Amino acid sequence: MDFNPIQLAYGCMIIGIIFCFVLAKQQKKDIRKECDGFALSFVKLSNFISPVPPREELAVEEMESGMIKALEEEQQPDEIRQMIRRANDEESVSLFAQMAETADKITKAAGINRTRKEQFADPINQILLITHTFLTGCENLSLIDTQEKKKAFDSFLKDQVEHRMTLLSRISGSLAEEYRSLNRNYEKEMKKIEQEQWKKNKNRD
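Residues numbered from 1 in each chain as written. Predicted model: local features only at pLDDT ≥ 70, side-chain atom pairs only at ≥ 80, totals over all residues. Heavy atoms only, no water.

Colleague: Give me the overall build of the protein: which residues, what numbers.
Modeller: Summing up its helical and strand segments, the protein has eight helices and two strands in all. Along the protein, helices (α) and strands (β) appear in the sequence α-β-β-α-α-α-α-α-α-α when read from the amino end. Counting over 205 residues, the protein shows a buried share of 34%. If you take every contact in the protein between residues at least 6 apart in sequence, the share linking residues at least 24 apart comes to 70%. Entry remark: accessible area of the protein is about 13,200 Å², with carbon and sulfur atoms responsible for 53%. (Helix = DSSP H or I, 4+ residues; strand = E, 2+ residues; numbered from the N terminus. Buried < 20%, exposed > 50% of the residue type's maximum accessible area, 1.4 Å probe, protein only. Contact = heavy atoms within 4.5 Å. Areas by Shrake-Rupley, 256 points an atom, 1.4 Å probe, with all protein chains shown as cover.)

Colleague: I'd like a rundown of the pattern of salt bridges, residues and numbers included.
Modeller: All chains considered together, the criterion is met by eight salt bridges. Between Arg-85 and Glu-73 there is a salt bridge, with the nearest N and O atoms lying 3.6 Å from each other. With Arg-85 in helix 2 (residues 78-87) and Glu-73 in the loop between strand 2 (68-70) and helix 2, the pair connects residues that are 12 residues apart, well separated along the chain. Among the residues examined, Arg-85 registers a relative accessible area of 47% and is labelled partly exposed. A salt bridge links Glu-187 to Lys-191, with the shortest nitrogen-to-oxygen separation between them at 3.3 Å. Of this pair, Glu-187 and Lys-191 both sit in helix 8 (residues 187-204), separated by four residues, roughly a single helical turn. (Salt bridge = Lys/Arg side-chain N within 4 Å of Asp/Glu carboxyl O.)

Colleague: Kindly report on helix 5 (residues 147-158), identifying the contributing residues and their values.
Modeller: Residues spaced three or four apart along an α-helix face the same direction, because each turn holds 3.6 residues. With 12 residues, helix 5 ought to run about 16 Å at 1.5 Å a step, and its terminal C-alpha atoms sit 15 Å apart, in line with that. For helix 5, the full list of buried residues reads Lys-150, Ala-152, Phe-153, Asp-154, Ser-155, Phe-156 and Leu-157. (Expected span 1.5 Å × (residues − 1).)

Colleague: Outline the packing of aromatic side chains, supporting the account with residue identities and numerical values.
Modeller: Inspection of every chain in the model, using the stated rule, returns three aromatic pairs. A centroid spacing of 4.6 Å and a plane angle of 45° characterise the contact between Phe-134 and Phe-153, whose relative ring orientation is tilted. Pair noted here: Phe-134 is in helix 4 (residues 114-139) and Phe-153 is in helix 5, with a separation of 19 residues, a long-range link. Grouping residues by exposure puts Phe-134 and Phe-153 together as buried. (Phe/Tyr/Trp six-rings, centres within 6.5 Å; stacked < 30°, edge-to-face > 60°.)

Colleague: For the nonpolar core, give the residues involved together with the corresponding values.
Modeller: Of all hydrophobic cores here, the largest spans 44 residues; its most connected members are Phe-38, Phe-42, Ile-49, Phe-134, Phe-156, Leu-167 and Tyr-179. At the level of secondary structure, the elements contributing two or more residues to this core comprise helix 1 (5-49), strand 2, helix 2, helix 3 (90-110), helix 4, helix 5 and helix 6 (160-168). (Core = buried A, V, L, I, M, F, W, Y, C linked by side-chain atoms within 4.5 Å.)

Colleague: Describe the confidence of the model for the protein, with residues and values.
Modeller: Confidence in the prediction of the protein, expressed as mean pLDDT, is 86, and 84% of residues score 70 or more. Residue range residues 19-23 is modelled with pLDDT below 50. Its contacts to residues more than four positions away, or to other chains, number zero contacts. (pLDDT = per-residue confidence, 0-100.)

Colleague: Can you explain the side chain of Thr-131? Please cite residues and give values.
Modeller: Inspection of the secondary structure assignment puts Thr-131 in helix 4. A distance of 2.8 Å separates a polar side-chain atom of Thr-131 from the backbone oxygen of Ile-127. Apart from the residues within four sequence positions on either side, Thr-131 is in contact with Phe-42, Leu-45, Phe-96, Met-99 and Phe-156. (Polar contact = N/O pair within 3.5 Å; in protein donor to acceptor, adjacent residues only side chain to side chain.)

Colleague: Let's hear about the environment of Gln-147: which residues, and what values?
Modeller: Here Gln-147 lies in helix 5. Sequence-wise, Gln-147 and Gly-66 are 81 residues apart; in three dimensions their C-alpha atoms are separated by 8.6 Å. Those residues in contact with Gln-147, other than ones at most four positions away along the chain, are Glu-62 and Ile-68.

Right, here's the structure in full:
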C-alpha cells in the first residue's frame, strides 16, 4: 500500500485531539480535587465562627466623608461579638491558611486558560477575599472603613448559602455526601435553590 502523508497527518491530528481532550479532562478533575480541600476548609471555618445562620450584621457609623466606622467590639451585637472572638481563635487561623494554600494551587492549575479561570479560580478567589476581609476585620474592626468592605464582611455571614452553593458545583462527586453533611443548617435553602435550578434547566430543554 502506498504511503499517504495526508492520511498520516489526519491520523496525527485525531490522536492529538484525543490526547488534548483526555489531558483537559484530567486537569479539570485535578482542579475539582483541590476545590474539595478549599470547600471543606471554608465550610468548617464558617461553621466554627457561625454555628447557626446569623441574624445580625456588623454595626457601623456612617461618616460625613462617605466612609464608615465600625463600632467598638463592646458596642457590637452580642452575636457579632461572639463571632469576632471565634474568628480570632487559632482554629480559624489554621483553616484560613488551608483555604489560602488551596486557592493558590487552584489558581496555578487553572493557569491562563480563561474557561478554567472563570469556572474555578475566579469564584474561589472571590470567596477567599471575602473571608480575608471578614477575618482581618474581626482582628481589627477599624479596617472596615468603606461600604465595600462592610459588604464583604457581612457577605461572609449573610451569603453563606450562596457561597456554599458556589462551592457545591465545583467539588468532586466523591465529596458530595460529606459536604452536604456539613451544610445541615443551610440544607433547606440549598435544596430549594437546587430545585429551582433544576426546573430552569428542564424548561430550557
